[in-house]
Each structure stands twice: as structure tokens, then as C-alpha cells.
Amino acid sequence: MNAGAPAPLFLLSFRHRDELTRLAEGAGWLPTAARRTLNAETRFLASGANVAVVDARGALEDGAEGVRLLADVVEANAAALLVLLSRNDAEALDAFHASGATHFLVSPFSEQHFLMAVQFAARHAERVGGARPLRYDDPERQEVSASWRWRPDSSTVELSPALARKAGLGEEDGRRIPLLELFRKLDADGRRAARGAVDRLLATGESTAFAHHDSEGSARLAHHLRMSGEEQEVIGRTETIASGEAGSFQSRDPLTGVRDARAARDWIDDQLGGAAPGELIVLLLAVSRFDAINSAFGRATGDAVLQAAARRIERVIDADEKRRFVARLAGAEFAIVLAAPASLAEGRFLAGQLVEALARPFMSGDHIITLGSRVGLVASVEGDSSTILLRRASTALAEARNAESGPIRVLDAGAQTDSALGDRLEIDLRRALDKDEIDILFQPQVSVTSGIIIGVEALARWRHPTFGELGAVTLFGVAERSDYLVQLSDHIQRKAIAEAAAWPAALHELRLAVNVTAEDIVRPGFAVQFLEMIDTSGFDRARVTVEVTESGLIEDLGAAAGLLAQLREAGLRIAIDDFGTGYSSLAYLKALPLDYLKIDKRLCEDITGSARDSVVVRSVIDMARSLGLAVIAEGVESEEQLGLLAQEGCNIYQGFLCSKPVDSSALAALVGA
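The rules behind the values
Residues numbered from 1 in each chain as written. Predicted model: local features only at pLDDT ≥ 70, side-chain atom pairs only at ≥ 80, totals over all residues. Heavy atoms only, no water. Buried < 20%, exposed > 50% of the residue type's maximum accessible area, 1.4 Å probe, protein only. Helix = DSSP H or I, 4+ residues; strand = E, 2+ residues; numbered from the N terminus. Arc of directions from axis to C-beta. Pairing = 2+ DSSP bridges. Axes fitted to C-alpha atoms, helices over the stretch in contact; angles between N-to-C directions. Contact = heavy atoms within 4.5 Å. Core = buried A, V, L, I, M, F, W, Y, C linked by side-chain atoms within 4.5 Å. Phe/Tyr/Trp six-rings, centres within 6.5 Å; stacked < 30°, edge-to-face > 60°.

> Describe in detail helix 1 (residues 17-26), supporting the description with residues and values.
Buried residues of helix 1: Arg17, Leu20, Thr21, Leu23 and Ala24, and no others. Here the buried residues of helix 1 occupy an arc of 165° about the axis, which is enough to place them on one side. Just past helix 1, the residue Gly28 takes up positive phi, approximately 100°.

Shown next, in the form of C-alpha cells:
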């Protein structure tokens, strides 16, 4: 190991833990050592190590279980997995390699051979992962590590910010506390174990450890003790060995706060063993380009972005542990599970929402970071276990990563990709237009200042005879894959305008917003055809707003500007929809003849978040006002959101705070009320 501060190493040894710990520390490593497989994946992730050592000498079955538990998290984090085997067990090497081991060492071996094997494994992880592990005394690691320091001649103990938070102490006033106060947080057995461990450390200078239950008896903690080289301080690193939360699937990922891999497997097995009929749906989501973020900005920034990604996933999924479950499996991979009865259509719809949510830029410090994501989607079949189901989801995710056609891949029970499902939906879509299965709903748009409904946006819903109601994301996704987008768009526009033309007198003051796709923009003669359709219906041109998604304009800005100018000169108004989800450009906005800017609902959700989130929304609104555009906020669901948007100068809002999308009769009743 290179000279300098120690780097983390994870050890799982059932017979030789203390011996390997002393070897590793003597060579300059900072080991987190375990004797049992309990929560091995979580402990490895929390250690920050890029090498895991599984010592199977004299404990072959336990070692095999340890490798099985660690293999996925090691692979996902581009780490290395070194297995130590007895000479008599050398024939098991193939099985360990198949389970995920990357390196091995067969006894008898010398201390030097062991340390060289660890070093080779670390170099392999650095080459594969592109980043070195944080050393123990790096400020970035200290900020997230639960640790403490104590000088034998002092009556106080210094806690890291992470441990102060875990102990329920303020980060400012709680960083240094009396030693006796810390001891009082231990139970009687814990106090005896702590005294014994500290006495051994002071007497021998050799690292040691002790474990105890927390003050509430709800979790078991371990403290790894060592002496610092120069200051002669006792340094303790604290890790949670096992959570005592109710239920076997309650353990949490220490970084993001969502459930962890063990909890996900337990929850899936619990659901598969239940009596609920139907399919269990698993979405395996991987955040793209995450390794590049760690390399470019550092692990602390990467961790912050991963935490923000977890919050967005939770908001989209609206997790309910009886119906929906979210867990971080490893690295930048998350599992989202829908309890039975669920459908692939429901899972695919959620997958589309997740991809859109994670495509919105993240802010971390002074950095604006854009991520992508890929999703593998599977449904359970009879005889599945959590291991089989998650492996199948991993296969679907691998296909999604390699595909160029889209970020979502469905793997059906027969191990077929989503092409079969896609083919069926494409055929069904063509029939849906003939059978009038596409409904139009209207979501009210409300004046922020008066509270009066002044317009609506027309939204499409597909009443599929098998999959039930499918939203616009699925509908337009199927149409795009089948080259049927123009026909679908034309059908929806005609039906929306025809229904609006038949509205009762009470709705004759409302504006109608209709979506126009990027394909519509480049269609020859579209503007003339669209205006003729409005005039034929009898609907007033002056009450129509054309909404075009921001991303749909980028490919041909000149064509978009010409088309929108023609429609605007004819009396229509123009809006950019979903602003904030694409690659926003001030020059691009200035070039187009616009009346409205619609802020994407996910950007509106953030206005109730941090001060930085509010600044982003305020900047968008200020920019729109400087260009003479009215601002429409989508997805407003609370009075708090509305109040903050009004304070920033938003003009119009739509969202569940007023009403979900409704049909014409319900709209008339709503306006009348």
C-alpha cells in the first residue's frame, strides 16, 4: 500500500477476522471487519472500500454465502472481490468465480502474499472504476463517516457530523460532548464492552472493536477502534450492523435513506409468498454516467446527486410499502417493485415518468449536472424467487443499456424482450383510433390572481381493453415506435377541437390548449390544415393555444419559428410546454413568436424545496417576464406551491390543487361551481 493516510478495506472472515485486521492495518489499510454475513452488502457500501475480502478458509459454505451477497454490490460499484480458500477447497474456485469473485488466494500463503493480493485487487478496482477510494482522513469522507475521537487525558469526545446526527445532537453544538454523556447512551453490556476494548487498545496499541445495542435497543452498532499515529488519540468508526426496525424488509441504505438490497429481496419474497393474485412488477433503474460524475466532481458531489435522485424516484413512485417499494440495490441502481396485482403497462408508465424525472438537471453546490437513466422491466411468474426475478430484471436492464431505440426494456416471462408487447400495442393503437378508444380529458388552467378557470389543456387517454387506462407517455411512445405519430396527433387534435366546439354556453369563455408535436412542425402544409380544422369545427381561432414541447423545437428551429409565426398571425396563441426538461436556451426562446411559457411540473415541485430550488424557478419566471411571456405552472398540488409561485409572479396554474383532468360534463360542473 502507498504511504499516507489509510484507505478503507472490507473484510469478511469467519475464523481469522482479528488476524487479517491486524495484517491490513499494519500495511496501511483501514479495515471494516465482520465475522457474520448479516447485512454484509450494506456494511460494504458504508465502508467506502473498493475491495472486499471474503475469507472462506475453514468456512466454505459461509464464504459462498458471503460472496453471493456481495457479488452484485461489488460489480455495481466497479470494486474487487478477493476470496481466500483453503488448499482442500481449491476445487470450489470455479463456483466462487461464477458467483462473482474477481480474485483469489489459496492457502498456505504468507502475510506478504496476502497483502500483495489485496493490492492487486485494489489496482484492478481503480482501473475498472476510474476513481480511488476516499482515505479515512479526507474531509469528504469525514463529513459522511460516523466516527469519534478521544484523547485519553480528555473528558470530552469529538463526534463527526454524521455521528452527531445519528446520536440526535446538533451538528454545531453537538460535535464535542462529555465522555460520560456518550457512555450513558450505551446499555450496561455496551459500557462493559467499550471499557474492555479501550483498555486493550491502550495496553497493546493493536486495533480492536466492540459492539452494543443503541440506547433504544432498536439497532446493533459496532465501533472499530485504533490509535492515531501522531496524536495518540483513540479513533472509533461506528457502523450499523443490523437495524432493529419492525419487519424483515426495513433495513435502509445508509447513503440515500431508501430501503437496501436485503430489504428488497425480503420484500419481494414476502410478496411472492403471499396470497394476492396477479403479477409482481419489478423495475430496475440505473442512473447513467454516474461514474463520470464521481470522476469529474468527486465522490461527495456524486453522493449528493445520488441522494437527490432517490428523492425524485420517491416522489414519482409515491412509495407505499403495501403496494410499492423503492430500494437502492448498489451503486447507482434502484429497484422499484409494484405489488400484485400489477401490470406491465403500469410499470412501463412509471418507468417513463422516472426517466423523465431523472433527465431534469441536478444542482450540487456550484455544479449543474445532467444525468440519464435506463430501466429494465419484468413481471413475476410462478416459481419465481427474489433472486430469479432480480436477475431477470438485470438482463432487461442490460438490454436497455445496449439499446439505441429507447431507455426502457421489458423482458416478459418467456425471456422475450419488449418487442412482442410493443408489436401488440402498435397493432392495438391502429385499431384504437377506429374503435374510438382514445378519450379527451381537459385539465383546468386557473388565473393565479383571480382563482377563475380561464382555460384548459386537452389531454389524451387510451382506454385499452386489456391494460386499462394508458396515459399520454405510453400512448405517444407506442405511436413514435410505430411511425404512427402523425395520425395519432391529428386524431387527438381533431377530437379535442370538436368536443370543445360542442361545449355549453357556460364554457364559451375558456381557452383551449392543444399539443402539437415535432413531427407536426415539419409536415408540409400543417398550418393551413390545422387552421381549416378549427374553422370547420366552428370553434373560435382566438381561443386556441398551440403548445409545443421545448425538446420538439430544437432539431429545426427555423421551421418551428416559421410555423408558429403563421399560426400566431392567424389569431392563435403559442406556448412552450414542459419548459425545464430540455436544454433550455434564452436565444432559442427569443427567436420564437411566443405568448406563454409553461414550467414543467417537476420544476414546480422543487419550489417548496431548498432555497436553491426556489432560485431556479424564480429565474425561469423572471426570464419569461423579461421576454413579455405569461407563465403557466403545471402540476401544482398544494397551497404552499401556489403561494410561492404567486409570490414569484406566476400568472396561471394547472394541477390537482384545482382539478385532475376531467371530461366536458365534469368541466362544466366545475366551472359552474
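> Lay out the sheet that holds strand 2 (residues 29-34) with the relevant residues and their values.
Read from one edge of the open sheet, five strands run 2-1-3-4-5, paired in parallel fashion. Taken across any chain shown, the strands that pair with only one partner, and hence form the sheet edges, are strand 2 and strand 5 (103-106). Neighbour-to-neighbour, the strand axes of this sheet turn through a mean angle of 20°, independent of strand direction. Two elements, strand 1 (residues 7-13) and strand 3 (residues 51-55), share four bridges in a ladder whose sense is parallel. Of the residues in strand 3, the one forming a bridge with Leu12 is Val54. Most of the contacts of helix 2 (residues 40-47) go to strand 1, to which it runs at about 160°, and overall it touches strand 1, strand 2 and strand 3.

> Please give an account of the environment of Ala479 that cites residues and values.
Within the secondary structure, Ala479 sits in helix 16 (residues 472-481). In sequence terms Ala479 and Glu426 are 53 residues apart; their C-alpha atoms lie 6.9 Å from each other. Discounting chain neighbours no more than four positions away, the residues touching Ala479 are Leu429, Tyr484, Leu485 and Leu488.

> Can you tell me about the nonpolar core, naming the residues and giving the values?
Core analysis: the biggest nonpolar cluster contains 76 residues, and Trp503, Leu512, Phe530, Leu567 and Leu645 have the highest contact counts within it. Every residue in contact with Leu645, bar those within four places of it in the chain, is listed here: Cys604, Ile607, Val617, Ile621, Ala633, Val636 and Cys650. Counting residues in hydrophobic clusters, the runner-up holds 34 residues, among them Leu285, Ala309, Ala342 and Ala379.

> I'd like a description of the packing of aromatic side chains, backed by residues and values.
Under the defined criterion, the tally for this structure stands at six aromatic pairs. Relative to Phe44, the ring of Phe10 lies with its centre 6.0 Å away and its plane at 75°, an arrangement referred to as edge-to-face. Of this pair, Phe10 sits in strand 1 while Phe44 sits in helix 2; the two residues are 34 residues apart in sequence, bridging distant segments of the chain. With relative accessibility at 1%, the residue Phe44 sits in the buried group. These aromatic residues form a ring-pair network of at least three members: Phe442, Trp503 and Phe539.

> Requested: an account of the environment of Val355, with residues and values cited.
Along the chain, the position of Val355 falls in helix 13 (residues 344-359). Judged by relative accessible area, which is 17%, Val355 ranks as buried. Here the alpha-carbon distance between Val355 and Val375, two residues 20 residues apart in the chain, equals 7.9 Å. The residues touching Val355, leaving out its near neighbours within four places in the chain, are Ser373, Val375, Pro407 and Ile408.

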